[in-house]
Amino acid sequence: MHEHIVKIKNVSKVFVTKSGSLELFTNVNIEFAPSTSYALIGESGVGKSTLLHIASGLEKPSSGEVYFGKQNFWGLKTSRQSLLRLNETAIIFQQYNLIPCLNVKENIEFQARINRKYNRKYIKEIIEDLRLTRLLEEWPESLSGGEQQRVAIARALAAKPKILFADEPTGSLDEKNSELVLEMLLNINKKYNTSLVVITHSLSIASKLEQCMELKSRKVLDR
Amino acid sequence: MKQFLLVLKVIVSNWKKAKGQLIFTILGIAIATTLWSSIDIVNNQTIKAQKRSIDLLKSAFKPIIIDRELPYVSQMDYLHLRLNGWVINPVIKAPLEDSDITIIGIDFLADRNKIVSSQNNNSFGNFLEMQANGNELLFGSNETLKKLKDRLSNFVKIENDQLPNGTLIGDISSIQSLLNMEGKFTYFEYINRSLNSPDTLSPKNLILIDDNSANEFEFISESFTFNIRAFGFLSFFVGMFIVYTSVGMAYDQRNLTVKILKTIGVERRLINVSLAGELFLIALFSGSLGSFGGFLLARELLPDINNTISTLYNSPVDGELDLSFTWFLISLLIAGLGTLLACSRAILKLDKLSPVNFVDDEKIYSRKKNTISISALLIIFTCASYYFSISSSIKIANFLFLGSTIVISCAILPLFIKLFCHMPQKNYQSALLFVFGSSKILRNLVHFFSPAT
């Protein structure tokens, strides 16, 4: 019986440039268990975002395997890969990645509608909790950074993923909003047994999550 | 299906932010289709006219003599030939206005076999007598004469069922005055010539056409319509270049949307099908618009083309356009295929787009360098071909100059479209208002089509 949602096994990432190759990390092994929250910390440029992309199936590792449950992700057909990402994961990006031609409401509902997990009552709850009610008809471009981040978080939560990856989700928020968002993420983590993987610079945020890992000297270390 | 519609909605919604490109895309496809479909429809009419001409040449049975440049041969030509020992019969042949009847004028005395069989000399004598008494005779089958109803009432109509349906034969002088072609004939039928007559036709403008010549004429005519069609394709190509540019820019702007769809986990195939669906809708709309434009343009051009073709083939094109559902479908198909071709690069680029962005600056730089080198070579080539086209007798230089000018125009076009689409909103609106005036409705339209800031 597998007890992980996502497992990365002996994963390495090397970037090849004209001036030579750059090894970001090597032989990384992590298992993300259900209902658990993880913090991934590390200095800028060590490859935290790349590791998150690899764990979420967005980027192929140079070597090693990524498992979604029992399935070797990169051994699957691309259509199956997309389906797994759509149904089991959601990602909150540093740059928000909101669809510019959809309004706030449409952005929040989009992934949930596509993966057929749309639940109006649940989405309404998220919208109220993230204080987005008055922004629903707005376009992403007219929102502040913090508002856009909250919309991105709402979209990810509305899709009811098994595992939620968040790349610096509170990076552009003030302290009050950061608290609110973190509380919301942790609440979802417990309420829906959603695993949570958060990249952060903030040790205070990391301390509120169940497990903390540090990417340092091309290795992932437990803290 | 629901997923497809959701993704399609997202894809189509992108145009909200790129109204300028949408206008250029629709206009590009519509103009290209208009050019192509109008040329196609006019070409079809021309082919019909040619066919009638070729049928005329082939149905003459005997070799004929025609003028190289004019749609008729003259009385003077007849005299020259006869004096030089050429035995010929003058014939005048033309369609009867507003009917599908061909009227032929012959010399009854020289060409009696066309109206009576050789055994029936008695009746021929009667006809000559009637003619001598001032009656103008017109021979035709029962069916053809019925079609005439009350027309040509000054002629005595004589039924002759040996004549093919749709053909009337009369005395050449009567037909000349009927058609206002006094002193002119359509062609001379060549019978033979005396032994001491010169080998070549004395008026240099005349040409003897036998069966082989008719085939040659058919070949030249086909080549002519082929060239017209090629011109149509060239126009279509230029229109599609507008589409290529505007779609390329619009699709560059949707990189972010497609990347987000991919990160969310929307299947690549679904995104591509939605992009194709969007293009299908645009092509359908613009193609229909273009076909309608093509019809209007062809209708405007038809009178002038009629004049030219009448002179060229001795056979006018039909006054009414032959519209068919097949023609409309072909126009739409051409619009669809052209759009797909013009957009294929942009779609492939989006298909290959990685959800995690890595910009290869070096590649972009080398692509820019290549474009600059090719443009510089093209400009040098155009200047050289222009120099040769005016300073030498190399005929192909004109063609090369025209071709390279078109290619250069196509290469420069994106710059103008980009300038227009990236113009600040205020200037953009002023430019449109300057062009379209300042009525309230137009003001609202300009506001609607202005790119969002």
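Residues numbered from 1 in each chain as written. Chains lettered and ligands numbered in written order. Predicted model: local features only at pLDDT ≥ 70, side-chain atom pairs only at ≥ 80, totals over all residues. Heavy atoms only, no water.

> Would you mind showing me how to read the overall build of chain B here?
A count of helical and extended segments in chain B gives 14 helices and ten strands. Counting every position in chain B, which comprises 453 residues, the buried fraction comes to 42%. Across chain B, every contact between residues at least 6 apart in sequence was considered, and the portion connecting residues at least 24 apart equals 75%. (Helix = DSSP H or I, 4+ residues; strand = E, 2+ residues; numbered from the N terminus. Buried < 20%, exposed > 50% of the residue type's maximum accessible area, 1.4 Å probe, protein only. Contact = heavy atoms within 4.5 Å.)

> Looking at this model, I keep getting lost on the pairing of strand β1 (residues 64-67) of chain B. Mind explaining?
Along any regular strand, the residues point their side chains to alternate faces of the sheet. All names here are of chain B. Every second residue of β1 is oriented toward a common face, with I64 and I66 on one face and I65 and D67 on the other, all of them buried. Pairing geometry for β1 and strand β10 (residues 206-209), over four bridges, is antiparallel. The residue bridging I64 from the neighbouring strand is I209, located in β10. Here β1 pairs with strand β9 (residues 187-193) via two bridges, running antiparallel. Residue pairing in the sheet places I65 in a bridge with F188 of β9. (Pairing = 2+ DSSP bridges.)

> I tried to follow the packing of aromatic side chains on my own but got confused; where do I start?
Aromatic ring pairs are defined here through the distance separating the ring centres and the angle between the ring planes. Under the criterion given, the structure shown has ten aromatic pairs over all chains. Note on Y78 of chain B and F185 of chain B: the rings are 6.1 Å apart at their centroids and 55° apart in plane angle, and the pair reads as tilted. Here the residue Y78 of chain B occupies a position in helix α3 (residues 75-83), and F185 of chain B occupies one in strand β8 (residues 184-185), the gap between them amounting to 107 residues. The same class applies to Y78 of chain B as to F185 of chain B, namely buried. Seen in terms of ring centroids, F108 of chain B and F139 of chain B are 5.7 Å apart; in terms of plane orientation they differ by 80°. Their pairing is edge-to-face. Within this pair, whereas F108 of chain B is found in the loop between β4 (102-106) and α4 (121-132), its partner F139 of chain B is found in strand β5 (residues 136-140), the two being separated by 31 residues in sequence. Side by side, F108 of chain B and F139 of chain B carry an identical accessibility label, which is buried. Chaining the aromatic ring pairs together yields one cluster made of F32, Y38 and F165 of chain A. Stacked on the ring of Y122 of chain A, the Lys or Arg K160 of chain A has its end atom at 5.0 Å from the ring centre. (Phe/Tyr/Trp six-rings, centres within 6.5 Å; stacked < 30°, edge-to-face > 60°. Lys NZ or Arg CZ within 6 Å of the ring centre and 35° of its normal.)

> Explain empty space enclosed by the protein here, please?
Applying the stated criterion to the full structure yields five cavities of 30 Å³ or more. Around the largest cavity, the lining residues are T89, A90, I91, F93, Q111 and R155 of chain A together with I260, T263 and I264 of chain B. Breaking the lining of the largest cavity down by element, the ones donating at least two residues are β6 (89-92) of chain A together with α8 (255-264) of chain B. Roughly 50 Å³ of volume is contained in the second largest cavity. What lines the second largest cavity is Y122, E125, I126, D129, M184, N187, I188, K191 and Y192 of chain A. If you list the elements that add at least two residues to the lining of the second largest cavity, you get α4 (120-129) and α6 (175-191) of chain A. (1 Å grid on protein atoms, 1.4 Å probe; cavity = no way out; pocket = protein on both sides within 12 Å on 5 of 7 lines; lining within 4 Å. Points joined across faces, edges and corners; volume = space filled by probe spheres on them.)

> I would appreciate a short explanation of the sheet that holds β9 of chain B in the present structure.
Paired through their backbone hydrogen bonds, the strands of a sheet run either parallel or antiparallel. Residue and element names in this part refer to chain B. As summarised here, the arrangement of the eight strands in space is β6-β5-β7-β4-β3-β9-β1-β10, forming an open sheet in which the pairing is mixed. The sheet terminates laterally at β6 (155-159) and β10, the two strands that pair on one side only. Recorded for the sheet is a direction-independent mean angle of 30° between the axes of neighbouring strands. As paired strands, β4 and strand β7 (residues 167-171) are joined by five bridges and run parallel to one another. Note that in β7 the partner of I106 across the bridge is D171. Across the sheet, α3 touches β1, β3 (86-95), β9 and β10, and the angle it forms with β3 is around 155°. (Axes fitted to C-alpha atoms, helices over the stretch in contact; angles between N-to-C directions.)

> Just checking my understanding: could you explain the environment of H80 of chain B for this structure?
In this structure, H80 of chain B sits in helix α3. Counting along the chain gives 121 residues from H80 of chain B to L201 of chain B, while the straight-line C-alpha distance between them is 9.2 Å.

> When you look at the pattern of salt bridges in this model, what are you seeing that I'm missing?
For side chains of opposite charge, pairing can occur when their charged atoms come near one another. Residues and elements named next belong to chain A. According to the stated counting rule, one finds twelve salt bridges over all chains in the structure shown. Between E59 and K13 there is a salt bridge, with its nearest N and O atoms 3.4 Å apart. Taken together, the positions of E59 in the loop between α1 (48-55) and β4 (63-68) and K13 in strand β1 (residues 6-17) put the pair 46 residues apart, joining distant regions of the chain. You can call E59 buried: its relative accessible area is 6%. Salt-bridge contacts for R134 lead to E147; the nearest nitrogen and oxygen are separated by 3.5 Å. Of this pair, R134 sits in the loop between α4 and α5 (145-158) while E147 sits in helix α5, and the two are 13 residues apart along the sequence. Using a relative accessible area of 15% as the deciding quantity, one classes E147 as buried. One continuous salt-bridge network, built from bridges that share partners, spans K105, E109 and R113. (Salt bridge = Lys/Arg side-chain N within 4 Å of Asp/Glu carboxyl O.)

> Would you mind going over unusual backbone geometry with me for this structure?
Residues apart from glycine generally show negative phi values, whereas peptide bonds are mostly found in trans. Residue and element names in this part refer to chain A. Within the chain, N27 stands out as a residue other than glycine whose phi angle is a positive 45°. Tracing the sequence through the fold places N27 in strand β2 (residues 20-32). Relative accessible area serves as the criterion here: at 44%, N27 is assigned to the partly exposed category.

> I keep staring at the interface of chain B and chain A and nothing clicks. Help me out?
How large an interface is tends to be reported as the accessible area lost when its parts come together. At the junction of the two partners, chain B supplies 25 residues and chain A supplies 27 residues. Both sides together, the interface formed by chain B and chain A hides about 2300 Å², and carbon and sulfur atoms give 65% of it. Considering only the side of chain B, the residues that lose the most area to chain A are Q3, K17 and I264 of chain B, jointly responsible for 24% of the buried surface there. Run the count over chain B and chain A and you get one salt bridge. In this structure, K9 of chain B and E106 of chain A form a salt bridge, with 2.8 Å as the shortest nitrogen-oxygen distance. If you look at where chain B meets chain A, you find three residue pairs in polar contact (both at pLDDT 80 or more). The set of elements that each furnish at least two residues to the side of chain B that touches chain A consists of α1 (2-13) and α8 of chain B. Counting residues per element, the side of chain B that touches chain A draws most heavily on α8 of chain B, at seven residues. (Buried area = accessible area lost by both parts, 1.4 Å probe. Polar contact = N/O pair within 3.5 Å; in protein donor to acceptor, adjacent residues only side chain to side chain.)

> Before we go on, may I ask you to explain the side chain of E168 of chain A in this structure?
Residues and elements named next belong to chain A. For E168, the position within the fold is in the loop between β7 (163-167) and α6. Buried and unpaired, E168 has no salt bridge, with K48 as the nearest side chain of opposite charge at 5.0 Å. Excluding its chain neighbours within four sequence positions, the residues that come into contact with E168 are Q94, Q149, I199, T200 and H201. (Lys, Arg positive; Asp, Glu negative; His and termini not counted.)

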